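Now for the letters of each chain:
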Amino acid sequence: MSEVVRREVPEVDRAAAARRAVERRRARASLKRDLAMRVVSPQDVVARAFEDPDSTAGTLRVPDFLTALPAIGAGKRDRVMTELQISPVKRLGGLGVRQRRALQDWLDARFPVPRPRANRSRLLVLAGPTAVGKGTVAAHIRDHHPEIHLSVSATTRAPRPGEQDGVHYYFVDDAEFDRMIAEGELLEHATVHNRFRYGTPRAPIERALAEGKTVLLEIDLQGARQVRAADPSATLVFLLPPSWDELVHRLIGRGTEDEAERTRRLRTAKVELAAQGEFDHRVVNEDVASAAREVVELTSDSAR
């Protein structure tokens, strides 16, 4: 009689497998937050899943993927899966050719991705959610691309450590800001996070454009909308974080706001991220130099 020998899995292997399983669950949870906050488009996620079924996106179950999307609840999810003939046990990476096409068509209809405009403008607007690094990317462009004129905004907030008046912002009080509005000196202005006012002085921009320079405005969502209304040809660029978790980490890490202010800014960030479809281009700020290069490549001079 042959003896059946049971091979026991070493304790160290079991522990490593458990750690990997936890890491995969955390990665999928992070990806679902990115979908819910619109940091990443559902089309980008399915593209990753179809390219690599073993990736985080590929191992995400279809029901979890659908309920992570904005305004998709359990009832809507179930109707969509029935309509697309996809089993609830299916993962994105395991979908067949017909199911992949059906899901992509449904996503394109439900969450249309804006197409960049063909024309280029010498007026470039950079906006994005709080703590995404707009100022850092803009400063990198200022320091490495002197051919691009970086507009300096006026603000009623106090300077942060290291900020210089006239370089990073024009720091003014409310009375001076009111005067600038009354005399038409601002191209756009808005109250941000329900606290401080920001505005773009008009004269330096008009002067730079008259000299044939490309002008970069680093402003908030409200300001970007005002610029688009004033000059429909302006090119609007939306700066995205690599992930929602990274955005939260950056906001906490800079240590310039208290907890109440951070909570208020994160609420605003959700609204801002939902508006990215109004912009002509999207750039992910994972690395400052790379993001700055992408923005510069959108300027009319670089495009020629």
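Residues numbered from 1 in each chain as written. Predicted model: local features only at pLDDT ≥ 70, side-chain atom pairs only at ≥ 80, totals over all residues. Heavy atoms only, no water.

### Quick word on the UniProt feature "binding site: ATP" (unreviewed entry) in the protein chain
With numbering aligned to this structure, UniProt lists the feature "binding site: ATP" (unreviewed entry) at Gly128, Pro129, Thr130, Ala131, Val132, Gly133, Lys134 and Gly135. The annotated residues that sit in the lining of the largest pocket are Gly128, Pro129, Thr130, Ala131, Val132, Gly133, Lys134 and Gly135. Along the polypeptide, proline 129 turns up in the loop between strand S1 (123–127) and helix H6 (134–144). Those residues in contact with proline 129, other than ones at most four positions away along the chain, are Lys134, Phe238, Leu239, Pro241, Leu247, Ala269, Glu272 and Leu273. Relative to the assigned elements, alanine 131 resides in the loop between S1 and H6. Residues contacting alanine 131, with those up to four places away along its chain left out, are Leu247, Arg250, Leu251 and Arg254. (UniProt positions renumbered as here; feature names shortened; annotations may be inferred. 1 Å grid on protein atoms, 1.4 Å probe; cavity = no way out; pocket = protein on both sides within 12 Å on 5 of 7 lines; lining within 4 Å. Helix = DSSP H or I, 4+ residues; strand = E, 2+ residues; numbered from the N terminus. Contact = heavy atoms within 4.5 Å.)

### Concerning the side chain of glutamate 218
Structurally, the position occupied by glutamate 218 is in strand S7 (residues 214–218). Look at glutamate 218: it is buried, it has no salt bridge, and the nearest opposite charge is lysine 134 at 4.8 Å. What glutamate 218 contacts, discounting residues up to four positions off in sequence, is Leu126, Lys134, Gly135, Ala138, Ser153 and Tyr169. (Buried < 20%, exposed > 50% of the residue type's maximum accessible area, 1.4 Å probe, protein only. Lys, Arg positive; Asp, Glu negative; His and termini not counted. Salt bridge = Lys/Arg side-chain N within 4 Å of Asp/Glu carboxyl O.)

### Quick look at the pattern of salt bridges
In the structure shown here, the tally under the stated rule is 20 salt bridges. Linking glutamate 257 and arginine 160 is a salt bridge whose minimum nitrogen-to-oxygen distance equals 3.6 Å. With glutamate 257 in the loop between helix H10 (244–254) and helix H11 (259–274) and arginine 160 in the loop between strand S3 (153–155) and strand S4 (169–171), the pair connects residues that are 97 residues apart, well separated along the chain. A salt bridge links arginine 195 to glutamate 261, with the shortest nitrogen-to-oxygen separation between them at 3.1 Å. Linking arginine 195 in the loop between strand S5 (186–192) and strand S6 (196–201) with glutamate 261 in helix H11, this pair joins segments that are 66 residues apart in sequence. Accessibility expressed as a relative area gives 45% for arginine 195, which makes it partly exposed. What emerges from the salt-bridge pattern is a single network uniting Arg160, Arg195, Arg254, Glu257, Glu261, Arg264 and Arg265.

### Some thoughts on unusual backbone geometry
A positive phi angle, close to 65°, is found at arginine 38, a residue other than glycine. Mapping arginine 38 onto the fold places it in the loop between helix H1 (11–36) and helix H2 (42–51). For arginine 38, a relative accessible area of 34% gives the class partly exposed. Look at glutamine 85: it is not a glycine, yet its phi comes out positive at around 60°. Along the polypeptide, glutamine 85 turns up in the loop between helix H4 (74–84) and helix H5 (97–110).

### Observations concerning helix H9 (residues 221–230)
All of the buried residues along H9 are Leu221, Gly223, Ala224 and Val227. Angularly, the buried residues of H9 cover 160° about the axis, an arc narrow enough to put them on a single face. Those residues of H9 that are exposed and angled more than 90 degrees off the buried face are Ala229 and Ala230. Close packing links the buried residues of H9 with S1, S5, S7, strand S8 (235–240) and H11. (Arc of directions from axis to C-beta.)

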